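Structural features, examined
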Amino acid sequence: MTNLFILQLLNGLQFGVLLFLIAAGLTLVFGIMDFVNLAHGVLYMVGAYLMATFVAMTGSFTLGMLLAIPAALVFGLLVEYLVIRKLYHRSHLDQVLATFGLVMIVSEGVKIIWGSAPLSVPVPELLSGSIALVGPLQYPVYRLAIIATGLLAALMLYLLVNHTRIGMLLRAGATNQRMVAALGVNITRLFTMIFAFGVMLACFAGAMVAPILSVDTGMGESVLILTFVVIVIGGIGSIRGAFLGALLVAMVDTLGRTFGPILLRMVMDSSDASQVGRTLAPMLVYILMAAILFAKPDGLFGRKTT
Amino acid sequence: MRRTFLLAMLGATCLSGAAMADDGKLKIGLIYSLSGPAAALGDQARNGFLLAAEQIGDMGGMETEIIVVDDERKPDLAASRARELVERDEVDFVVGPIFSNVLIAIHKPVTESGAILISSNAGTSNFAGEECHPNFFVTSYQNDQNHEVMGAYAQSQGFDNVFLMAPNYQAGIDSLNGFKRSYTGGVASEIFTELGQLDFSSELGQIAAFQPDAVFTFMPGGMGVNLVKQYTQAGLTEIPFLSAFTVDETTLPATQDAAVGFLGGATWAPDMDNDANRAFVSAYEAKYDHVPGTYAMQAYDAAQLIDSAVRAVNGNLGDKDALRAALRAADFESPRGDFSFGNNQYPIQDFYLVQAVKREDGKFQTSIVEKIFEDYQDNYAALCSME
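Here's what I pulled together on the structure shown here. (Residues numbered from 1 in each chain as written. Chains lettered and ligands numbered in written order. Predicted model: local features only at pLDDT ≥ 70, side-chain atom pairs only at ≥ 80, totals over all residues. Heavy atoms only, no water.)

**Some remarks on the overall build of chain B**
Using the following cut-off: Only DSSP runs of H or I covering at least 4 residues are called helices, and only runs of E covering at least 2 are called strands; the numbering of each starts at the N terminus. Our radius of gyration looks at C-alpha atoms and nothing else; its globule reference is 2.2 Å times the residue count to the power 0.38. Relative accessible area decides the class of each residue, using a 1.4 Å probe on protein chains only: under 20% of the type maximum gives buried, over 50% gives exposed, and in between gives partly exposed. Contact definition: two residues touch when any of their heavy atoms are within 4.5 Å. All accessibility values rest on the Shrake-Rupley procedure with a 1.4 Å probe; residue burial counts only the protein chains present in the view. His residues and chain termini do not enter the charge count, which takes Lys and Arg as positive and Asp and Glu as negative. For charged residues, the charge sits on one atom: NZ in Lys, CZ in Arg, CG in Asp, CD in Glu.
Secondary structure assignment for chain B yields 13 helices and 13 strands. Relative to its length of 387 residues, chain B is compact, with a C-alpha radius of gyration of 21 Å against a globular reference of 21 Å. Taking the principal axes of its C-alpha atoms as reference, chain B extends roughly 70 × 40 × 35 Å. The 387 residues of chain B split such that 61% are buried. A separation of at least 24 residues holds for 72% of the contacts in chain B among residues at least 6 apart in sequence. Here chain B displays about 13600 Å² of accessible surface, and carbon together with sulfur accounts for 48% of that area. One way to put it: in chain B the 25 positive side-chain charges average out to a point 7 Å from where the 52 negative ones average out.

**Structural notes on the state of the cysteines**
Linking two cysteines covalently via their sulfur atoms produces the bond known as a disulfide. Residues and elements named next belong to chain B. To be explicit about the condition: Cysteine sulfur pairs qualify as disulfides if the two atoms are within 2.5 Å.
Under the definition given, this model contains 1 disulfide over all chains. Cys132 shares a disulfide with Cys384; S-S distance 2.0 Å. Looking down the S-S bond of the Cys132 and Cys384 bridge, the torsion is 85°, so its handedness is right-handed. On the criterion of sequence distance, the pair formed by Cys132 in the loop between α5 (125-128) and β5 (136-138) and Cys384 in the segment after β13 (364-376) is long-range, its members being 252 residues apart.

**Here we look at the sheet that holds strand β2 (residues 63-70) of chain B**
Each strand in a sheet pairs with another by means of backbone hydrogen bonds, the pair being arranged parallel or else antiparallel. Residues and elements named next belong to chain B. Keep this limit in mind: Two strands make a pair as long as DSSP finds a minimum of two bridges between them. Axis angles are defined between N-to-C directions and span 0 to 180 degrees, where every axis is a line fitted to C-alpha atoms and, for a helix, only to the segment in contact.
With parallel pairing, 5 strands are arranged side by side in an open sheet as β2-β1-β3-β4-β5. Looking at strand neighbours, the two that pair on one side only are β2 and β5, the edges of this open sheet. Going across the sheet, the axis of each strand differs from the next one's by a mean of 20°, ignoring polarity.

**Description of helix α9 (residues 219-234) of chain A**
All names here are of chain A. Defined as follows: Expected span of a helix: the number of residues minus one, times 1.5 Å.
Given a rise of 1.5 Å per residue, 16 residues ought to cover 22 Å, and the 23 Å separating the end C-alpha atoms of α9 matches this to within 8%. Where burial is concerned, most of α9 is hidden: 12 out of the 16 residues are buried. Every buried residue belonging to α9 is among Met219, Gly220, Val223, Leu224, Leu226, Thr227, Phe228, Val229, Val230, Ile231, Ile233 and Gly234, and all of these are buried. For α9, the secondary structure elements touched by its buried residues are α1 (2-33), α2 (40-58), α8 (187-209), α10 (239-267) and α12 (284-295). Following α9 by one or two positions, Gly235 has its phi on the positive side, about 100°.

**Comments concerning the environment of Ile225 of chain A**
Residues and elements named next belong to chain A. Examined against the element boundaries, Ile225 turns out to sit in helix α9. What makes Ile225 exposed here is its relative accessible area of 51%. Through-space distance from the C-alpha of Ile225 to that of Leu28 is 16 Å; in sequence the pair is 197 residues apart.

What follows is the structure in structure tokens.
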């Protein structure tokens, strides 16, 4: 049982850092630009598709990643310039409508370019295989690599936000956007930068996850809702909140799915336990969100709404 | 215009057979999921049907018009698309869909209009039993059967500790019940995952901890691709992986080597040894450049079935009784070999254990290992009142 617990902790951590990479961009865009971007999940999907393409072209995971990230950046800038920029001053409803349209256009576009069958990206040779943990349990090396890169990315984001001039502008923008503009900062350029940066992080997450998940047109939608849960729990606009929120959501989800039914089996008979367990497990994350919002309506690190 | 309107009205009031325009043309509507994550399945089915149509030329010796629509895997949308096909386009046959919930939605609008509905994939238990309908034919299987095949295999191997896993929706629950109908050994654990779940690390951890004799799962589409890849990555391949609708020609291009050796239950595999099958597989691969799966084969047979029946009645589509009788005769060469209809107009056929293999040309396909059931009929046929 302890072995299983350690294994699931690792799984939770891996899922958490992945969620964080996606949520970081979304929370910045939502928090600083006050822009509701439903298309964020789609960008994650595009990252995975770009990765699949470049890995297939070059035959190398590293080269694929090096090509996929700049391509993702270009794509992000393009989307920002063509669509998002026109929506900054519109209502949230307009933004939701427009980005929802974007979701459909990009999904269909991806289908036209890459076809409907799911694609796959091979795990790089160096990181394939799995290492023995304890007893019969093994853990894939690639997932450990995701944890490491994710934590590294989180650290770099922390340094960027808290110890650089750009980070200072970001934090200032998150607190009071109009004041920042009044002080002579080019807010349009800042917005473009934030958006492109968020896209890049999401695409990076998509690229990292491509070898363990299938790359298909539905992958963005499935992750988007959880990402919104993460940023709401963490407090909109807070990177630190997104990090903690992502870990919390991932842990609750992973551990709840495994140990929920096991715990239930101790108090009720097996078929009831599996029935209740499977109903309850997908709800856990939302129960967590409700509990946190009940105690802290602005999320863990949210600024007070005035 | 007025005539069309009247005909549509007649169709809407369900006067059996009256809505069909007798213009000397054979009209067929295909309804498949052609967009979204499951589009690969619909694409295969459409390709399979169109391949047969192209090879045959004038189907049933008549000028043929084929209308393809996308149900987007949405039952409500599918019902209105199906209604458009029978009322506005006045098709004689509707062929499709992939998914059972879509089938349930389109069954009534199509069969009650007088048109013939041929399901080339979904085969729900209700339409096999009490709700069987003279205008409804199935060229695939009854949904439970592939799971029963795997249960029978697990039983024959003497497994006594099988780990069961399926998505938490009706087809998933049916799947595990189907498995347990022919498997009486012990169950290590029974897990229902969220529909659409893509990361199975938590479930795989439990499999590793339980160390069962075998794993049985039903994870169609993208879910299966992910599960298979992660299963291999987690180093679990020593535990036999049994599945239905999980490892097939639509998922193998994505799972590739990760799925090789995994077992499944099916009515057919591309390497089946008969002339009709060799002709079908080579023609399909030449035209579409990928390996056909059961979805393509069953749609191919649906086209052959229509052709054979319309030919048998000399293109007289107005005589529905004769047409239905001709359909029931199933007078065509199926790539899967023996094929006939039971009283509920679901197939009676053989079922096989299949295994994913890598071919010499580097492509992947399933391959027949052994026959599990001979001339197998579904468990619901007795509930159907048709003779």
